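Descriptive structure summary
What follows is the residue order along each chain.
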Amino acid sequence: MEKGTLVEFRLHGDRRLAVADRPDGKKNWVVVDENGQPHSIPPKQITYEIAGETYKPSDIPKFHQEVEVYSDPSSLEVAWELLVGDGEAADPESLAMLLFSEKTPAQCYAAYSLLSTDKLYFKQKGDRYEPRSPAQVAEIKHQQEVEQQRHQEAQGFWDRVKQRLVGENVDWANSDRHRLDALERFATLGEEATHRTPALETLASLERPETPEAAFQLLVDLGLWSHHENLFLRRSQIPLHLPAKVLEEAQRCLENLPSDADTSRFDLTHLKVYTIDDESTTEIDDGLSLEFLENGQQRLWIHIADPTRLLSPGDELDLEARKRTTTVYLPTGMIPMFPPELATGPMSLIQGKECSALSFSVTLDETGAVQDYSIHISTVKPTYRLTYDEVDEMLELGIPGEPEIAALASAAKLRQKWRETQGAISIFMPESVIKVKGDDINIYVIDDSTARLLVAEMMILAGEVAARYGQTHGLAIPYRHQPQPELPPEEELLAVPAGPARACAVRRCMPRSEMNLTPGRHSSLGLEAYTQVTSPIRRYTDLLTHFQIKAHLRGEPQPFSAEEMQDIVMCLGTAVREASSVERQTNRYWGLEYLRRNPDQVWEALMLRWLREDSNLGLILLEELGLELAMRFGRSVEIGDRFEVKVTHCDPRSDVIQFQEVILQAAP
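The text that follows walks through the structure, step by step, so that each part is easy to find. Keep in mind that what you see is a predicted model, and the values were worked out from it rather than measured.

1. Some points on the overall build of the chain
Within the chain one finds 19 helices and 25 strands. For the chain, whose C-alpha radius of gyration is 40 Å, the value lies well above the compact-globule estimate of 26 Å for 668 residues. Taken along the three principal axes of its C-alpha coordinates, the chain extends 130 × 80 × 45 Å. Within the chain, the fraction of its 668 residues that count as buried is 46%. Pairs at least 24 apart in sequence give 64% of the contacts found in the chain among residues at least 6 apart.

Structure below.
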């Protein structure tokens, strides 16, 4: 290289033109750019030499102008079309001749610039550039278009995010969904989330921490999530929405009820039928009747809603219910097993309407044991829709016109006493019901009332009768059984104060109930065989029992073989446990949120048991709320002690709560 040669070199990735001035050491050259700035560069840093003339640094701007005249990228496509047929490679000089019919230094450098920056038509091979094949060019063009579209979509997403964060309403595009989904996955699952990159990019672009908590807060700020978003539910496999085909099938049922497979239902519309539930209950799945017989005996009737009237094994409604397994009850609302229009409509026992039912007729002996029973595929017409409070009031007042209510209550007490003689173990702990509507949280404690006992005993009775029927006829139904618990010695239990503390001690010893196709003893109920049959609208195991019993009553083969039933029951168990866990965690969250909002409230507390006695960590019951929570004590306490507490710190999202005991000052 000689003094005055114009060269291109790279400085920090940028292309620069400069004029060679003098050697610098053995290999380097000092070159001077258009600003008069010298640079000492090695030969390998020089990317192109403009031959044929000598230059001064002051000539560089003019040279740039000359080059710019020939620097049209579209001309490269023309050259490629001319060269690709022969597969002929080009260098800057030959390309300049092809494009411009001359090869002046400016034209050659322009050709070099076009070739060296091209990513589409040519690929470099040594000092020459080979044309790519048409297929390769087409594929690269497609990739470039995809990348451009991706860039435009990303930019549109950032713009919409920024607009939303300043309070403007936006319409999210379909292309935004994968970025929003990534944020939701990251906020829900944290480091376990897959495909986190879009979420991390979004957080980084907004200069927010790349953490699950920050993703959660961003979704709240965007108005996509509530501050109280249910992460327990989102982490579960519980489906939140019913598929379109299931909703369509439900609509068809509503518009035109399918023909009834049971053409000769037992007509029980003459019976007075009471449905008894909480006021908020919308799925009415059981009703009660009582007949006074001529011989002085009484016949109990337990009517259970018959949703199988509208479906058959393996159809869309049945398979969706099987997938859902159970209705999930949360403080903020329920996630139904069946489409709500069906569950609260033709599937339910609705006051004043003729309804399909599976009716259990039972007579008891003087001890409360089942003396005789029968099961009927029936039609009933519910007479009264009552709440537990209304039934308790009727029992207290002794309504002359409704002697059936008092008779049902007496039968329920007789049944309870009989079950106790069979070893039943009754545990009553205050139970809270939490309702959230808008921003309001209300907590109710369920009382151990006569009306609730009445309904519970009748439902247990129906379960016993269904299990007996299944056992007698060898039906493959999901029986529930519970191993015998190992209770503490009686003197040890009696040492614990009566009430919730003693009930808690017994509850700790109770093994989990199990479900299989073999009848077995249910220890806490005191029954030798038991199955759940009274909630087919909201529990799939009950629906299975309905399918099997109804088929047998019609004299038809069972819809499900023992092997099929076993497989279904095994799958259901996991889903039921998950639903129960989500319900429990969600209730706890809202219970803590209620306490967080009432930091100045003083609560009556009862010491239930030690969690870790060596570190003074115990389980307390806030009796007014029916909430059981952990508390660390700063003094010696005994199980069953009562005291007052206040909340000192509560973070529902982190599942943290701390109490301090309120010590009443003695009057001077």
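Here the narrative resumes, following the displayed structure.
2. Quick look at the nonpolar core
Considering soluble globular proteins, one finds that nonpolar side chains tend to be buried as a cluster. Ranked by size, the top nonpolar core spans 41 residues in total, and within it Ile276, Ile302, Phe360, Leu454, Met458 and Leu461 carry the most contacts. Counting residues per element, the ones that place at least two in this core are β9 (274-277), β10 (286-292), β11 (298-305), β14 (355-364), β15 (370-380), α13 (388-397), α14 (403-421) and α15 (450-473). Examining the composition of this core, we find that 11 residues originate from one element, α15, more than from any other. Those residues in contact with Ile276 that sit more than four places away from it in its chain are Asp286, Leu288, Leu386, Thr387, Tyr388, Val391, Leu454 and Val455.

3. Brief notes about the environment of Gly190
Within the element layout of this structure, Gly190 appears in the loop between α6 (177-189) and α7 (197-205). Note on Gly190: relative accessible area 8%, which makes it buried. Considering only alpha carbons, one finds Gly190 and Met459, 269 residues apart in sequence, at a separation of 43 Å. Sequence-distant contacts of Gly190, that is, excluding residues within four places in its chain, are made with Arg185, Arg196 and Pro212.

4. Let's talk about the packing of helix α3 (residues 92-100) against helix α4 (residues 105-117)
The N-to-C vectors of α3 and α4 enclose an angle of 105°; their axes lie 8 Å apart at closest approach. Judged by the inter-axis angle, α3 sits roughly perpendicular to α4. When α3 is examined against α4, the residues Pro92, Glu93, Leu95, Ala96 and Phe100 are found in contact with a partner set consisting of Gln107, Cys108, Ala111, Tyr112 and Leu115. Among the residues making up the contact of α3 with α4, the classes are represented as eight nonpolar, one polar and one charged.

5. Structural notes on the sheet that holds strand β21 (residues 603-612)
Read from one edge to the other, the open sheet built from five strands follows the order β23-β22-β21-β24-β25, with strand pairing classed as antiparallel. Of all the strands in the sheet, the pair left with one neighbour each is β23 (627-632) and β25 (656-661). Geometrically, the sheet is characterised by an average inter-axis angle of 45° between neighbouring strands, direction not taken into account. Two strands pair when backbone bridges link them, and strand β24 (residues 642-651) and β25 are joined in this way by six bridges, in the antiparallel orientation.

What counts as what
- Residues numbered from 1 in each chain as written.
- Predicted model: local features only at pLDDT ≥ 70, side-chain atom pairs only at ≥ 80, totals over all residues.
- Heavy atoms only, no water.
- Helix = DSSP H or I, 4+ residues; strand = E, 2+ residues; numbered from the N terminus.
- Rg over C-alpha atoms; globule rule 2.2 N^0.38 Å.
- Buried < 20%, exposed > 50% of the residue type's maximum accessible area, 1.4 Å probe, protein only.
- Contact = heavy atoms within 4.5 Å.
- Core = buried A, V, L, I, M, F, W, Y, C linked by side-chain atoms within 4.5 Å.
- Axes fitted to C-alpha atoms, helices over the stretch in contact; angles between N-to-C directions.
- Parallel < 35°, antiparallel > 145°, perpendicular 65-115°, else oblique.
- Nonpolar A, V, L, I, M, F, W, Y, C, P; charged D, E, K, R; others polar.
- Pairing = 2+ DSSP bridges.

Treat this as a map of the structure, not an account of what it does.
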